[in-house]
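Now for the letters of each chain:
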Amino acid sequence: MNVKGLTVIWGLVIAATLAISPLASASSADDAAIQKQNLYPRVKFVTSMGDMVVELNRWRAPLTVDHFLRHVVSGSYNDTLFHRVVEDFVVQGGGYKADGTPLPEGDMVVNESGNGLTNKFGTIALARQNEPHSARGQFYFNVKDNDTLNPSSRRWGYAVFGEIVENAELLHELSAVTTEVSEQLGFPDVPVEPLRLISVELLPEAQ
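Only a predicted model underlies this, so the values are computations on that prediction, with no experimental measurement involved.

**What to know about the pairing of strand β10 (residues 196-202)**
- Relative to β10, strand β1 (residues 42-47) is paired through five bridges, and the arrangement is antiparallel. Bridged to Phe45 within β10 is Val200.

Here is the structure:
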């Protein structure tokens, strides 16, 4: 089955999921906070190396966008790290506070990787474990067209839910920092100089 076929099937899955998911019964206050009616909300990433604006795609990834924006409006991404940087691959964040303390993992979200959006340069997607529906709060930016992260007829992919629309060039700078194996965090590809995500802000909806 090709990606187009997966997209059609995934649309049906999402419709069924929305009918039974707790997300569908979120309060009106919560809906307003995450701009529930806005199909293309924008968020501003303020990093220690500069700023960039990302447009999210609720039309294609409604569950993922809602999930991500709840982290944003709660402030959980503020004063955190880009803890994994692999040049010419990804820049990953959303897992650790600036002092290296792990963030609470939070709830898992249904994998929407069959939505037709691909892991091309400048897109944002949810990180996950091997289990397809294990994504929580961590996200990554694609530093190149990472076709191997897309779904196929034989595997789940990684759910893309938006794209940088202002200052995508910053991604090259972020991905070029020097990294090492971190004794504190216990894994490789950690920036030697902390690469801080100062804040992530949901921008006002365009009138």
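Picking up where we left off.
**Brief notes about the nonpolar core**
- Within the largest apolar cluster, 33 residues are counted, with the highest numbers of intra-cluster contacts made by Phe45, Phe68, Phe139 and Phe141.
- Not counting the four nearest positions on each side in its chain, Phe68 is found in contact with Val43, Phe45, Leu56, Tyr77, Ile124, Phe139 and Phe161.

**Digging into a nonpolar patch on the surface**
- A contiguous nonpolar surface patch, about 340 Å² in accessible area, is contributed by Leu39, Tyr40 and Trp59.
- Secondary-structure assignment places Trp59 in the loop between β2 (50-56) and α3 (62-74).

**Section: the sheet that holds strand β6 (residues 139-142)**
- Strand order in the closed barrel formed by eight strands is β1-β2-β7-β5-β6-β4-β3-β10, and the pairing between neighbours is antiparallel. Across the sheet, the axes of successive neighbouring strands diverge by a mean angle of 35 degrees, strand direction being ignored.
- Bridge analysis of strand β5 (residues 123-126) against strand β7 (residues 160-166) gives three bridges, and the strand direction is antiparallel. Residue pairing for β7: Ala125 is matched across the bridge by Val160.
- Helix-sheet contacts for α3 involve β1, β2, β5, β6, β7 and β10, and the interaxial angle to β10 is about 115 degrees.

**Concerning the side chain of Arg58**
- For Arg58, the position within the fold is in the loop between β2 and α3.
- Setting aside residues up to four positions removed in sequence, Arg58 forms contacts with Ile34, Gln35, Lys36, Asn38, Leu39, Pro41, Val65, Asp66 and Leu69.

**Looking at the layout of surface pockets**
- One number sums up the size of the largest pocket: a volume of about 610 Å³.
- Lining of the largest pocket is provided by 26 residues; of these, Gln92, Ala127, Arg128, Gln129 and Gln138 occupy positions nearest its centre.
- Within the residue set of the lining of the largest pocket, elements represented by two or more residues are β3 (80-86) and β4 (90-97).
- Element by element, the count of residues in the lining of the largest pocket is highest for β4, at five residues.
- Broken down by class, the residue content of the lining of the largest pocket amounts to eleven nonpolar, eleven polar and four charged.

**Details of the packing of aromatic side chains**
- For the structure shown, the criterion picks out eleven aromatic pairs.
- Ring geometry for Phe45 versus Phe139: centroids 5.8 Å apart, planes at 70 degrees, classification edge-to-face. Of this pair, Phe45 sits in strand β1 while Phe139 sits in strand β6, and the two are 94 residues apart along the sequence. As far as the burial class goes, Phe45 and Phe139 line up, both buried.

**Remarks on α3**
- Between its first and last C-alpha atoms α3 spans 18 Å; for 13 residues at 1.5 Å apiece the expected length is 18 Å, and the two agree.
- For α3, the buried fraction is high: ten of the 13 residues fall into the buried class.
- Within α3, the full set of buried residues consists of Pro62, Leu63, Thr64, Val65, Asp66, His67, Phe68, Leu69, His71 and Val72.
- Of the residues trailing α3, Gly75 is marked for its positive phi of about 85 degrees.

**So, empty space enclosed by the protein**
- In the structure shown here, the tally under the stated rule is one cavity of 30 Å³ or more.
- In terms of lining residues, the largest cavity is bounded by 13 residues, among which Asn111, Leu126, Arg128, Ala135 and Ala159 are the most central.
- Broken down by class, the residue content of the lining of the largest cavity amounts to seven nonpolar, four polar and two charged.

Rules and cut-offs
- Residues numbered from 1 in each chain as written.
- Predicted model: local features only at pLDDT ≥ 70, side-chain atom pairs only at ≥ 80, totals over all residues.
- Heavy atoms only, no water.
- Pairing = 2+ DSSP bridges.
- Helix = DSSP H or I, 4+ residues; strand = E, 2+ residues; numbered from the N terminus.
- Core = buried A, V, L, I, M, F, W, Y, C linked by side-chain atoms within 4.5 Å.
- Buried < 20%, exposed > 50% of the residue type's maximum accessible area, 1.4 Å probe, protein only.
- Contact = heavy atoms within 4.5 Å.
- Patch = residues over 30% accessible without salt bridge, like charges linked within 9 Å, V, L, I, M, F, W, Y side chains within 5 Å.
- Areas by Shrake-Rupley, 256 points an atom, 1.4 Å probe, with all protein chains shown as cover.
- Salt bridge = Lys/Arg side-chain N within 4 Å of Asp/Glu carboxyl O.
- Axes fitted to C-alpha atoms, helices over the stretch in contact; angles between N-to-C directions.
- 1 Å grid on protein atoms, 1.4 Å probe; cavity = no way out; pocket = protein on both sides within 12 Å on 5 of 7 lines; lining within 4 Å.
- Points joined across faces, edges and corners; volume = space filled by probe spheres on them.
- Nonpolar A, V, L, I, M, F, W, Y, C, P; charged D, E, K, R; others polar.
- Phe/Tyr/Trp six-rings, centres within 6.5 Å; stacked < 30°, edge-to-face > 60°.
- Expected span 1.5 Å × (residues − 1).

Treat this as a map of the structure, not an account of what it does.
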